[in-house]
Amino acid sequence: MVRNLLHRYTGNAQTIYLMKRLWIYIILILIIGLLTKCSEEVTPELSPLEYQEIKSVEYGTHPQQKFDIYLPQGRTEAATKVVIMIHGGGWSGGDKNEIQNLVNLMRQEWPEAAIVNMNYRLATATEFKHPAQIEDIASVINYIKSKKEDYHVSNDFALLGNSAGAHLSLLYAYSYDLQHDIKCVSDLYGPSTLHDWSWYSNIIIKTLFENYLGTTWALDEAAYLNASPLEKVNSSSPPTIIFHGTVDIVVPLYQSQWLNAKLQEKGVPHEYYEYILDGHGFNATNNLDCIKKLSCFLKRICKLQ
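Since we're looking at a predicted model, the values are computed, not measured. (Residues numbered from 1 in each chain as written. Predicted model: local features only at pLDDT ≥ 70, side-chain atom pairs only at ≥ 80, totals over all residues. Heavy atoms only, no water.)

K.L.:
Got a sec to walk through the overall build of the protein? Specific residues and values, please.
P.N.:
The number of helices and strands found in the protein is 11 helices and 8 strands. Relative to its 305 residues, the protein shows a buried fraction of 47%. In the protein, the proportion of contacts linking residues at least 24 apart, taken out of those at least 6 apart, comes to 71%. As displayed, the protein has an accessible area near 15300 Å², and 56% of this comes from carbon and sulfur atoms. (Helix = DSSP H or I, 4+ residues; strand = E, 2+ residues; numbered from the N terminus. Buried < 20%, exposed > 50% of the residue type's maximum accessible area, 1.4 Å probe, protein only. Contact = heavy atoms within 4.5 Å. Areas by Shrake-Rupley, 256 points an atom, 1.4 Å probe, with all protein chains shown as cover.)

K.L.:
Residues and numbers for the side chain of Gln-133, please.
P.N.:
Within the secondary structure, Gln-133 sits in helix α4 (residues 132-146). Polar side-chain contacts of Gln-133 include one of 3.0 Å to the backbone oxygen of Arg-121. At 2.9 Å, the side chain of Gln-133 forms a polar contact with the backbone oxygen of Phe-128. (Polar contact = N/O pair within 3.5 Å; in protein donor to acceptor, adjacent residues only side chain to side chain.)

K.L.:
Which residues make up the sheet that holds strand β5 (residues 157-162), and what are the values?
P.N.:
Strand pairing in a sheet relies on backbone hydrogen bonds. The paired strands run either parallel or antiparallel. With mixed pairing, the 8 strands of this open sheet are ordered in space as β1-β2-β4-β3-β5-β6-β7-β8. The sheet is open, and its two edges are formed by β1 (52-58) and β8 (270-275), each paired on a single side. Direction aside, neighbouring strands of the sheet carry axes that sit 15° apart on average. (Pairing = 2+ DSSP bridges. Axes fitted to C-alpha atoms, helices over the stretch in contact; angles between N-to-C directions.)

K.L.:
Residues and numbers for a nonpolar patch on the surface, please.
P.N.:
A contiguous nonpolar surface patch, about 340 Å² in accessible area, is contributed by Val-247, Ile-276 and Leu-277. Summarising the element assignment, Ile-276 is placed in the loop between β8 and α11 (284-300). (Patch = residues over 30% accessible without salt bridge, like charges linked within 9 Å, V, L, I, M, F, W, Y side chains within 5 Å. Salt bridge = Lys/Arg side-chain N within 4 Å of Asp/Glu carboxyl O.)

K.L.:
Help me get a handle on unusual backbone geometry, residues and values and all.
P.N.:
Working note: non-glycine residues mostly have negative phi, and peptide bonds are mostly trans. The omega torsion of the bond from His-130 to Pro-131 falls at 10°, within 30 degrees of zero and hence cis. Although it is not a glycine, Trp-91 adopts a positive phi angle of roughly 70°. Structurally, Trp-91 can be placed in the loop between β3 (82-86) and α3 (100-109). The buried category is assigned to Trp-91, whose relative accessible area is 3%. Look at Phe-128: it is not a glycine, yet its phi comes out positive at around 60°.

K.L.:
Could you give an account of the pairing of strand β6 (residues 182-188), with specific residues and numbers?
P.N.:
The buried count for β6 comes to 6 of 7 residues, which makes it a mostly enclosed element. In this structure, β5 lies alongside β6, joined through 6 bridges in parallel fashion. Bridging across to β6, Gly-161 finds its partner in Asp-187. The parallel pair β5 and β6, bridged by helix α6 (residues 164-176), forms a crossover whose chirality is right-handed. (Right-handed = clockwise from strand over helix to strand, strands pointing away.)

K.L.:
Describe the packing of α3 against α11, with residues and values.
P.N.:
Between α3 and α11, whose axes approach to 9 Å, the crossing angle comes to 50°. Put simply, α3 runs oblique to α11. For the crossing formed where α3 meets α11, the hand is right-handed. Facing Asn-101, Leu-102, Leu-105, Met-106, Gln-108 and Glu-109 of α3, the residues of α11 in contact are Asn-287, Leu-288, Ile-291, Lys-292, Leu-294, Ser-295, Leu-298 and Lys-299. Across the contact of α3 with α11, the residue classes break down as 7 nonpolar, 4 polar and 3 charged. (Parallel < 35°, antiparallel > 145°, perpendicular 65-115°, else oblique. Left-handed = near helix turned anticlockwise from the far one by under 90°. Nonpolar A, V, L, I, M, F, W, Y, C, P; charged D, E, K, R; others polar.)

K.L.:
Could you give an account of the packing of aromatic side chains, with specific residues and numbers?
P.N.:
Across all of its chains, the model carries 17 aromatic pairs by this definition. Taking 5.3 Å as the distance between ring centres and 45° as the angle between the ring planes, the aromatic pair formed by Tyr-200 and Trp-217 counts as tilted. Here the residue Tyr-200 occupies a position in helix α7 (residues 197-200), and Trp-217 occupies one in the loop between α8 (203-213) and α9 (221-226), the gap between them amounting to 17 residues. The two residues Tyr-200 and Trp-217 agree in class, both being buried. The structure contains a cluster of three or more aromatic residues connected by ring pairs, namely Trp-91, Trp-197, Trp-199, Tyr-200, Phe-209, Tyr-212, Trp-217 and Tyr-224. Over the ring of Tyr-273 we find Lys-293, and its NZ or CZ is 5.3 Å from the ring centre. (Phe/Tyr/Trp six-rings, centres within 6.5 Å; stacked < 30°, edge-to-face > 60°. Lys NZ or Arg CZ within 6 Å of the ring centre and 35° of its normal.)

Written out as structure tokens, the structure reads:
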């Protein structure tokens, strides 16, 4: 068609010029189409990472040195924060499976976070005394950091523990986090101090303390001070959120009240909640409320989102 037009208007120089330009435009369009197609073939669109659960990851050689990790869909090394959850049990008992309900609630309320549910070596009459459990928390953190490119998670961590697990979370965050990996710590009815004679005098508590620390109050009172998060709080301590039931018969409510006051005194960002007529381990309604408040605190106060 174009050739016929050129033949028809051979005597018109302006028309010939316009037809030549038309040919050039047609050729350019064809070239651009080919380049675009090649580009699409070379760099296909990447799909987001799928949700993944990895159970019983071994971070050490002892049978109790294992953790479960829940990796969210669409995770990235830049944006995906890591919440490490630590079970209670008086430092010498308990298991990660016992807080699976809290893990599920945390995943529900903060689906963008990676959740780690860890076991640790339990103190016995003869071995794995303090600070073995603290060393295990450090090992989990270092393991996850070494796998960040495989897991596609960031180096920003939060610790969440209940009961003795809360004590370990606080103690690690306040005293042992030399790399400043912990951006926030959560305390569910945990003891803030082991240097508490009125509580220590309870025969059951006395046995747990001595089993964990490997010594008595009379022989080494300094050990009880040194293992007390309350004694380690300073103005640089990470933001902290505390929950405690008002009728807790295991860990005295006043211990959390002491910690709340100390955080206030040192100017540490924190929140404190009491659940009226709830005990050591919250009911379903308070568990859900606790995790909702906790996830909000982690994202807002700790700048984890």
